[in-house]
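Here are the chains, one letter per residue:
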Amino acid sequence: MGKLTDINVVARNEYGDTLGIVTPVSVTKEGIFTTTLPEEAVNKLLDYGVTLRANRVGREGFFSAKTLDELRKEIASVMGEALSRELVQEETVIKYQIKTAGSCYLDDDGEILPNGGWAKNKNYDTTTKGHWEKFTEYSDAMHMQQAKIQVWVGVYDRKRYRFKSGKEIEDLTRRRCETYRKQKERTNLNWLCDQVCMVAEGTYRGDVSRLQEVPATEENAAIFVKILKFIYMANQLFTKLSNQENLLAFIEANRPLALPDIVDVQEVE
């Protein structure tokens, strides 16, 4: 299969936007015209969100047709689809992930127990009101878990696009704020935006599109700031207790296991 020629394909939309691509064309021994678009052209089309075929070595931007004219039309069709992209929705959301795990039994009076054998009502029939507490992560003898809480929160700008074919895509971009020293306002949304070294567990290449979300309001951000501060305060305490000497000193002092009062996050300090 050898190169036959270069073709220049141009597409325009109703607003006068133009997209032009020059690509080399080859012919197979079966008489099929093929091309794999140059990398720069592929990147342009992918930026619009269109889907491109890949050739045998995995390079995207592959096209094939029985005639040169059909090949040109196929390329132009994809380019026209790209140029038809229209912004139909724009919003900012708070994406979040809350994971809990553990194994405990709740008696009918709400007391937390290690297992059902500790329940006050031990007849184990349908009148038993106690139950195994359900967390977001399943736990049983075959899927044992540590007691834990995991929380991840991120602020994202969403843009949803629609093509003339009816296909819709969305673009989620993590919102990052400047550091506090350069900010005019210390809002709860800015607090969430300025988090660093935080990642949602189990997401593929940082894709958080499937995670739950709420509108990115200052009121909604406030509760997440409060949750995170609560966890960080608990972490400070438990980090100290992870040291054996600190743990024994804590026990000897007979101190209550309690967290400091949580600050009112309606105004971030």
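Cut-off values and rules
- Residues numbered from 1 in each chain as written.
- Predicted model: local features only at pLDDT ≥ 70, side-chain atom pairs only at ≥ 80, totals over all residues.
- Heavy atoms only, no water.
- Pairing = 2+ DSSP bridges.
- Helix = DSSP H or I, 4+ residues; strand = E, 2+ residues; numbered from the N terminus.
- Buried < 20%, exposed > 50% of the residue type's maximum accessible area, 1.4 Å probe, protein only.
- Polar contact = N/O pair within 3.5 Å; in protein donor to acceptor, adjacent residues only side chain to side chain.
- Contact = heavy atoms within 4.5 Å.
- Phe/Tyr/Trp six-rings, centres within 6.5 Å; stacked < 30°, edge-to-face > 60°.
- Patch = residues over 30% accessible without salt bridge, like charges linked within 9 Å, V, L, I, M, F, W, Y side chains within 5 Å.
- Areas by Shrake-Rupley, 256 points an atom, 1.4 Å probe, with all protein chains shown as cover.
- Salt bridge = Lys/Arg side-chain N within 4 Å of Asp/Glu carboxyl O.
- Core = buried A, V, L, I, M, F, W, Y, C linked by side-chain atoms within 4.5 Å.
- Axes fitted to C-alpha atoms, helices over the stretch in contact; angles between N-to-C directions.
- Arc of directions from axis to C-beta.

Before going further, it helps to spend a moment on the sheet that holds strand 8 (residues 131-132). An order of 7-6-8 is seen for the 3 strands of this open sheet, with the pairing classed as antiparallel. The strands lining the two open edges of the sheet, one partner per strand, are strand 7 (112-113) and strand 8. Pairing geometry for strand 6 (residues 105-106) and strand 7, over 2 bridges, is antiparallel. From the neighbouring strand, Tyr 105 faces strand 7, where its bridge partner is Leu 113.

Time to look at the side chain of Asp 107. Residue position: Asp 107 is located in the loop between strand 6 and strand 7. What makes Asp 107 buried here is its relative accessible area of 5%. In this structure the side chain of Asp 107 is engaged in a polar contact, spanning 3.0 Å, whose partner is the side chain of Lys 120. With residues up to four places along the chain from it excluded, the contact list for Asp 107 reads Leu 113, Trp 118, Ala 119, Lys 120 and Gly 130.

Following the criterion strictly, the structure yields 3 aromatic pairs and no others. Between Tyr 96 and Phe 224, the aromatic rings sit 5.1 Å apart at their centres with planes inclined by 45°, giving tilted as the arrangement. Placement of the pair is Tyr 96 in strand 5 (residues 86-101) and Phe 224 in helix 4 (residues 218-241), with a sequence separation of 128 residues. Judged on exposure class, the residue Tyr 96 and its partner Phe 224 are both buried. Their ring planes at 85° and their centres at 5.5 Å tell us that Tyr 105 and Trp 132 sit as a pair that is edge-to-face. Of this pair, Tyr 105 sits in strand 6 while Trp 132 sits in strand 8, and the two are 27 residues apart along the sequence. The exposure class of Trp 132 is partly exposed, given its relative accessible area of 43%.

This part is about a nonpolar patch on the surface. Residues Leu 247, Leu 248 and Ile 251 make up a contiguous nonpolar surface patch of roughly 270 Å² in combined accessible area. Along the chain, the position of Leu 247 falls in helix 5 (residues 244-253). Residue Leu 247 is classed as partly exposed on the basis of its relative accessible area of 34%.

This part takes up the nonpolar core. Of all hydrophobic cores here, the largest spans 24 residues; its most connected members are Leu 37, Leu 45, Leu 71, Ile 75 and Met 79. Of all elements in the fold, only strand 1 (2-12), strand 2 (18-27), helix 1 (39-48), strand 4 (62-65) and helix 2 (68-83) reach the threshold of two or more residues within this core. When residues in this core are grouped by element, the largest group, 6 residues, is from helix 2. Setting aside its immediate chain neighbours within four residues, Ile 75 contacts Ile 7, Val 9, Thr 23, Thr 35, Leu 37 and Phe 63. Of all hydrophobic cores here, the second largest spans 14 residues; its members include Ile 94, Val 155, Leu 192 and Cys 193.

The next thing to look at is the sheet that holds strand 10 (residues 168-174). Read from one edge of the open sheet, 4 strands run 10-9-5-11, paired in antiparallel fashion. Of all strands in the sheet, those bounded by a partner on one side alone are strand 10 and strand 11 (212-215). Put simply, the sheet's adjacent strands are angled 40° from each other on average, direction ignored. Across 7 bridges, the pairing between strand 9 (residues 148-162) and strand 10 is antiparallel. Among the inter-strand pairings, Lys 159 is bridged to a residue of strand 10, identified as Asp 171.

Mapped onto the fold, Thr 217 is located in the loop between strand 11 and helix 4. Judged by its relative accessible area of 29%, Thr 217 falls in the partly exposed class. Measuring from C-alpha to C-alpha, the distance between Thr 217 and Asn 188 comes to 9.0 Å, with 29 residues separating the pair along the chain. Setting aside anything within four residues of it in sequence, one finds Thr 217 in contact with Ile 94 and Leu 189.

Moving on, we come to helix 1. Listed as buried for helix 1 are Ala 41, Val 42 and Leu 45. Down the axis of helix 1, the buried set is contained in an arc of 100°. They therefore lie on one face. Projecting away from the buried face of helix 1 at angles above 90 degrees are the exposed residues Glu 39, Glu 40 and Asp 47. Tucked into the core, helix 1 has its buried residues touching strand 2 and helix 2. Directly after helix 1, the chain includes Gly 49, whose backbone phi takes a positive value near 95°.

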